[in-house]
Amino acid sequence: MGTLDGRVVIVTGAGSGIGRGIAHHAAREGASVVVAEVNAENGASSEKEMRDAGGTATFVNTDVADDSSVDAMVERTLETYGHIDGLVNNAGVDLEGETTAFNTETWRRVIDINLAGVFFCARACLPTLRQKGGVIVNIASVHATHGFAGAAAYDASKGGIVSMTRSLAIENGPHGVRVNAICPGYVDTPIWEHHLAQQPNPERLERLTREHHPLRRRGTPKDIAQAARFLLSDEASWITGTSLVVDGGMGAQFYEQSFEL
Ligand SMILES: NC(=O)c1ccc[n+]([C@@H]2O[C@H](COP(=O)([O-])OP(=O)(O)OC[C@H]3O[C@@H](n4cnc5c(N)ncnc54)[C@H](O)[C@@H]3O)[C@@H](O)[C@H]2O)c1
């Protein structure tokens, strides 16, 4: 018996990293998973891996920044599975840079994917989630609660997710829908590898980011997947409107800004 048996869960950005970890863990716990992913190759391989392991999964090519693409993904989910119990808004991009050199197009891309994407997916799923009750889990970041130089757009997008989480929770609690966020610390995924490769001194940054976590390691997708599974399940049935910090203790301590831009 899995804790998500019979549940239909959409995970955005489930072709890679944290989203892939969440999707695969949910499938192992009995959920039918919709991989809502913009990267077709990764989306298809994620679907295949879950099916090969005996799980139920469907890849739907989706751009969360495009509301018509999101609406079509939700429609396809309903055609395939008949209902929706959970939505994990995980898709995101981490585009950073010094503010005076940060162009408008990149600002819009970060906000459109990371923030508007969460709203579009929630808006499209809520009518169905309200029918029998359901859960939304939004993947924010330590960037929602702490400021980082060169990350104005990313920090604003993640802070916005935490604010939106509270608003959606209040609005939808009376309809039986719980809405929570997870704020991860640094997690080893392709987004992180990409970030590291752009730094002038990646070895130093690699060491420092480990040391920034009192538990002395960066997180794994599984660390976040376990928290998401908990929030998706009935074990969290009286938890809504909150942000669960899963960061190896990173946010609990004061530390000096060490990123070199
Ligand atoms: N890795 C970290 O250290 C870390 C820390 C805190 C929060 N996060 C957040 O976790 C989430 C996942 O990050 P990750 O580290 O796994 O990154 P990742 O790059 O490995 O995965 C992100 C996934 O989102 C998909 N995606 C991007 N734009 C999309 C779009 N428009 N529509 C649909 N899918 C899209 C990508 O194709 C990719 O599969 C992001 O929201 C990120 O901001 C990551």
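Before any of the text, the structure's been laid out above.
The present account deals with the structure reproduced in this document. Numbering of residues starts from 1 in every chain and runs along the sequence as written. For this predicted model, a pLDDT threshold of at least 70 governs which residues receive local features, and a threshold of 80 or more governs which side-chain atom pairs are given and counted, while totals over whole chains, interfaces and linings are taken from all residues. Excluded from the side-chain calculation are hydrogens and water; included are all heavy atoms of the structure.

### Describing unusual backbone geometry
Thought 1: At R216, a position not held by glycine, the phi torsion is positive, near 60 degrees.
Thought 2: Along the chain, the position of R216 falls in the loop between α7 (202–211) and α8 (221–232). Counting from the N terminus, the helices are DSSP H or I runs at least four residues long and the strands are E runs at least two residues long.

### A word on the environment of I111
Thought 1: By the secondary structure assignment, I111 is in helix α4 (residues 104–132).
Thought 2: Exposure classes here rest on a 1.4 Å probe applied to the protein chains alone. A residue is buried below 20% of its type maximum, exposed above 50%, and partly exposed in between. I111 sits in the buried class, given a relative accessible area of 18%.
Thought 3: Separated by 45 residues in the primary sequence, I111 and A156 have C-alpha atoms spaced 8.1 Å apart.
Thought 4: Those residues within four positions of I111 in sequence are excluded, and the remaining contacts are A116, A153 and S157. Note on definitions: a residue-residue contact is assigned when non-hydrogen atoms from the two residues lie within 4.5 Å.

### Some thoughts on the packing of helix α1 (residues 17–28) against α8
Thought 1: Packing of α1 against α8 brings their axes to within 8 Å, and their N-to-C directions diverge by 50 degrees. When the axis of α1 is compared with that of α8, the two are oblique. Crossing of α1 over α8 shows right-handed handedness. Here G17, I18, G21, I22 and H25 of α1 lie close against α8, whose contacting residues are P221, I224, A225, Q226, A228 and R229.
Thought 2: For the contact of α1 with α8, a count of residues per class yields six nonpolar, four polar and one charged. In this analysis, axes come from line fits to C-alpha atoms, helices being fitted only over the stretch in contact, and the angle between any two N-to-C directions falls in the range 0 to 180 degrees. The cut-offs work like this: below 35 degrees is roughly parallel, past 145 is roughly antiparallel, 65 to 115 is roughly perpendicular, and the gaps in between are oblique. Crossing handedness is defined as follows: a turn of the near helix away from the far one that is anticlockwise and smaller than a right angle gives a left-handed crossing, while the clockwise case is right-handed. Put simply, Ala, Val, Leu, Ile, Met, Phe, Trp, Tyr, Cys and Pro go in the nonpolar bin, Asp, Glu, Lys and Arg in the charged bin, and everything else, Gly too, in the polar bin.

### A look at the pairing of strand β3 (residues 56–61)
Thought 1: Two strands qualify as a pair provided DSSP detects at least 2 bridges between them. For strand β2 (residues 32–37) and β3, the ladder comprises six bridges, and the chain directions are parallel. Bridging across to β3, V35 finds its partner in F59.
Thought 2: When the strands point away from the viewer and the path from the first strand over the helix to the second turns clockwise, the crossover is right-handed. In this fold, the crossover linking β2 to β3 by way of helix α2 (residues 40–52) has right-handed handedness.

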